[in-house]
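Descriptive structure summary
Okay, here's what each chain looks like letter by letter:
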Amino acid sequence: MQHPEPTPFTVEHETCEQTLARFKAMFDNTVHLLGLLDPQGHMLEANRAVLASIGWAGEAIFGRPLWESPLFSHDPALQRQLKEGIKQAAAGHPVRFEADHPRPDGSWFRVDFSLSPVKDAAGTVRYLVPEGRDITEKHRMSLELAEANARLRAQKELIEAEAERRAKAHAESESRFRAIFDQTFQFIGILDATGHVLEINRTALESVGVRLEQIKGKPFHETPWWTHSPSAQARLKQAIAVAAAGGFDRFESTHPLADGRTIEVDFSIKPFKDESGEVVMLIPEGRDITVRKELEAELRAQFEQLKALDMLKNNFVNAVTHELRTPLATIVGYSEFLEDEIGGPLGRDQKAYVEEIIRAAGRLEHLVNDLLDFARMDAGTFRLNTAPLDLRDQIARAVRSLRPQAQDHGVSIRMELPAQALTVSVDPLRIAQVLSNLLHNALKFAPRGTEVRVTAIREGDFARCAIADRGEGIPLSEQPRLFQRFQQLTAGLREGKGSGLGLSISKALIEAHGGRIWAESEPGAGSTFSFELPVAPDSAAIAQDVAGTGR
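This section reports on the structure supplied with the text. Please read these numbers as outputs of a predicted model, since none were measured by experiment.

1. Here we look at the overall build of the chain
The number of helices and strands found in the chain is 14 helices and 17 strands. Here the chain, with 551 residues, has 42% of them falling under the buried criterion. Long-range contacts, defined here as pairs at least 24 residues apart, represent 57% of the contacts in the chain between residues at least 6 apart. A total accessible area of about 29600 Å² is found for the chain, and carbon and sulfur atoms account for 53% of it.

2. Overview of the packing of aromatic side chains
Evaluated as defined, the whole model comprises eleven aromatic pairs. For the pair W226 and F267, a centre-to-centre distance of 5.2 Å together with 80° between the ring planes defines the contact as edge-to-face. Placement of the pair is W226 in the loop between α7 (212–215) and α8 (230–244) and F267 in strand β9 (residues 262–273), with a sequence separation of 41 residues. Here the two residues W226 and F267 agree in accessibility, since each one is buried. Among the aromatic side chains, those forming a connected cluster through ring pairs are F187, F220, W225, W226, F251 and F267. Between the NZ or CZ atom of R516 and the centre of the ring of W518, over which it lies, the distance is 3.9 Å.

3. Side note on the sheet that holds strand β2 (residues 43–46)
With antiparallel pairing, five strands are arranged side by side in an open sheet as β2-β1-β5-β4-β3. A strand with exactly one partner marks an edge of an open sheet, and here the two such strands are β2 and β3 (95–102). Within this sheet the neighbouring strands show an average axis-to-axis angle of 25°, counted without direction. Across three bridges, the pairing between strand β1 (residues 33–37) and β2 is antiparallel.

4. A closer look at the sheet that holds strand β16 (residues 516–521)
In spatial order, the strands read β12-β14-β15-β17-β16; together these five strands make up an open sheet with mixed pairing. Every interior strand has two partners, whereas the edge strands, β12 (412–416) and β16, have only one. Going from strand to strand, the sheet's axes swing by 15° on average, the running direction of each strand aside. Pairing of strand β14 (residues 451–459) with strand β15 (residues 462–469), which is carried by seven bridges, proceeds in the antiparallel orientation. Among the inter-strand pairings, V454 is bridged to a residue of β15, identified as I467.

5. Notes on the pattern of salt bridges
What the rule picks out here adds up to 25 salt bridges. The residue D100 makes a salt bridge to R110 at a minimum N-O spacing of 2.9 Å. In this pair, D100 sits in strand β3 while R110 sits in strand β4 (residues 108–119), placing the two residues ten residues apart along the sequence. Using a relative accessible area of 31% as the deciding quantity, one classes R110 as partly exposed. Between R292 and E296 there is a salt bridge whose closest N-O contact spans 3.2 Å. Of this pair, R292 and E296 both sit in helix α9 (residues 290–339), four residues apart, roughly one helical turn. Overall, R292 belongs to the partly exposed group, its relative accessible area being 23%. By relative accessible area, which is 27% here, E296 ends up partly exposed.

6. Some details on the nonpolar core
The tendency in soluble globular proteins is for nonpolar side chains to be buried side by side. By size, the foremost hydrophobic cluster in this structure holds 42 residues, and its most contacted members are I395, L438, V452, V454, I467 and F531. The set of elements that each furnish at least two residues to this core consists of α11 (391–409), β12, β13 (423–426), α12 (428–445), β14, β15, α14 (502–512) and β17 (527–534). Residues contacting F531, with those up to four places away along its chain left out, are V434, L435, L438, A463, R464, C465, I510, R516, I517 and W518. Among the nonpolar cores identified, the runner-up in size contains 26 residues, and W225, A232, F251 and V265 belong to it.

7. A closer look at the pairing of β15
Summarising burial for β15: six of the eight residues are buried, a large majority. Hairpin connection, β14 to β15: the antiparallel pair is bridged by two residues, and G460 has positive phi, about 65°. Here β15 runs beside β17; their pairing, made up of eight bridges, is antiparallel. Pairing of F462 across the sheet is with P534, part of β17.

8. Re a negative patch on the surface
A cluster of acidic residues, E336, E339, D340 and E355, forms a negative patch at the surface. Residue classification places E336 among the partly exposed positions, given a relative accessible area of 39%.

9. A few points about α11
Residues spaced three or four apart along an α-helix face the same direction, because each turn holds 3.6 residues. End to end, α11 covers 26 Å across 19 residues, agreeing with the expected 27 Å (1.5 Å per residue, within 8%). The largest bend along α11 reaches roughly 45° and is located at R403, with the proline P404 sitting one to four residues downstream. L391, R392, Q394, I395, A396, A398, V399, L402 and A406 are the residues of α11 that are buried. Where α11 is buried, its residues contact β11 (387–390), β12, β13, α12, β14 and β15. Just beyond α11, the residue with positive phi is G410, at close to 75°.

10. Here's the deal with the packing of α12 against α14
Two elements in contact, α12 and α14, have axes separated by 9 Å at closest approach and are oriented at 145°. Considering only the axes of α12 and α14, their crossing is left-handed. Mapping the contact onto sequence places R430, I431, Q433, V434, N437, L438 and N441 in α12 and G502, L503, I505, S506, L509 and I510 in α14. Partitioning the contact of α12 with α14 into residue classes produces seven nonpolar, five polar and one charged.

11. So, the packing of α11 against α12
Look at α11 against α12: their axes get within 9 Å of each other, and the N-to-C directions meet at 35°. Like other packed secondary-structure pairs, α11 and α12 cross with a definite hand, here right-handed. Where α11 approaches α12, its residues L391, Q394, I395, A398, V399, L402, Q405, A406 and H409 are matched on the opposing element by P428, I431, A432, L435, S436, L439, H440 and L443. Of the residues contributing to the contact of α11 with α12, the split by class is twelve nonpolar, five polar and no charged.

Procedures and definitions
- Residues numbered from 1 in each chain as written.
- Predicted model: local features only at pLDDT ≥ 70, side-chain atom pairs only at ≥ 80, totals over all residues.
- Heavy atoms only, no water.
- Helix = DSSP H or I, 4+ residues; strand = E, 2+ residues; numbered from the N terminus.
- Buried < 20%, exposed > 50% of the residue type's maximum accessible area, 1.4 Å probe, protein only.
- Contact = heavy atoms within 4.5 Å.
- Areas by Shrake-Rupley, 256 points an atom, 1.4 Å probe, with all protein chains shown as cover.
- Phe/Tyr/Trp six-rings, centres within 6.5 Å; stacked < 30°, edge-to-face > 60°.
- Lys NZ or Arg CZ within 6 Å of the ring centre and 35° of its normal.
- Pairing = 2+ DSSP bridges.
- Axes fitted to C-alpha atoms, helices over the stretch in contact; angles between N-to-C directions.
- Salt bridge = Lys/Arg side-chain N within 4 Å of Asp/Glu carboxyl O.
- Core = buried A, V, L, I, M, F, W, Y, C linked by side-chain atoms within 4.5 Å.
- Patch = residues over 30% accessible without salt bridge, like charges linked within 9 Å, V, L, I, M, F, W, Y side chains within 5 Å.
- Lys, Arg positive; Asp, Glu negative; His and termini not counted.
- Charge placed at Lys NZ, Arg CZ, Asp CG, Glu CD.
- Expected span 1.5 Å × (residues − 1).
- Bend = angle between axes of the 7 residues up to and from the residue.
- Left-handed = near helix turned anticlockwise from the far one by under 90°.
- Nonpolar A, V, L, I, M, F, W, Y, C, P; charged D, E, K, R; others polar.

Written out as structure tokens, the structure is:
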């Protein structure tokens, strides 16, 4: 049986069907919000990006005014702006503006929205092309290929059922998709599975000053967008190979334009598969990110400037700190001479004055030492002199040294230490410094008549110490600043004491030992500061008699 020869009608029909499939694939796979309106603003076509973003689904969108969609219905002023824009676009004038829109999940995003008129041969506006680009963050969309295939199959069944309607629908659809394809601001194209050009939109063609017939059928890497750079051509070939194998690829590249400008482009390419899963087309897209790149460069320059200023500040603090040590040592030395009455006897008031000088000099010496420690840490010259020791002994010594201060505050200190040793490899002076800082803090904020509780336990491979007070606690809004340098919280400011370095130096010292420190606090219920240190390797937990140690 002989097959009938193809007629001009069947050839034209097949060509029309192929073109429709190409534009349909492009339309449903683009990552931007695209649609088609009549001149009065009623929806005729919309891609899935539009449906998902404005909360309409199925056929409900078609024939309805765009301003009734959730994209615009939340704001009457925005609806009026859109209506006015539709009037201008229907009069032949492109419209573009930015606005904030809600997503169905309640979040908000900002859209660069445009309306472009599409005219027939007589110059009459037939359609309006709405286009929205998400400028809040890089727009990422992933289309479900199965749904796209299902829609194409459904349309194919309708076409086969009615030949006349099929031809008319094909022609109308091709006109609509061609309008969207050519009017979008971004680069969009269609390649065959080997990377040869099938379609390129008008925006991209005009950017380099070529016509489609000049490049159609050519390998994409040999077109004017890529021939300026062999390295860019090689990267594109790699991306085409990935997409042809069914994958997705994305990279940034630089492209010269016909007007002499050079732009930065966020380029992507993805496959389009048929019902059997075979890759039949590739969809390349390019988004102009020149402005974003310029902003990134400006931010990098500002960051480098801030780094330089921070380094200048650190150098200044280091220099001042070092210069303070010599006069401070002189003040401390002569104050101690006075206290020991080497220069002669002192009266009661004079002794009180000297004691206050010594206490103030001690606080200043402590601050200078903290600043020097931070300087060494920033410079990478900070060193620990570690040795195995029992953390319980360190805690007991710290508590004994501060009991007189606790009694002056009307606060008691209770220790709960385990019977077994907590052997850690640490710098004894630095851990004593941490314990002193945390205990001073607890005593400062503990109300008179309460107790500060000090506990220690072993948790797996770590020894944990916790110091809890029953003070007013720390507001949640201030807790993130607890361990930052030079940060004093509201309660500390009321006390009028402290440099804001104690907790930050404690954090740095604990982390230098491979441990961690944290705080737990509830306003009105007190605070607990805890730290963990790794247990010394190969150390045995030896039971000891703790009687008489004050534990």
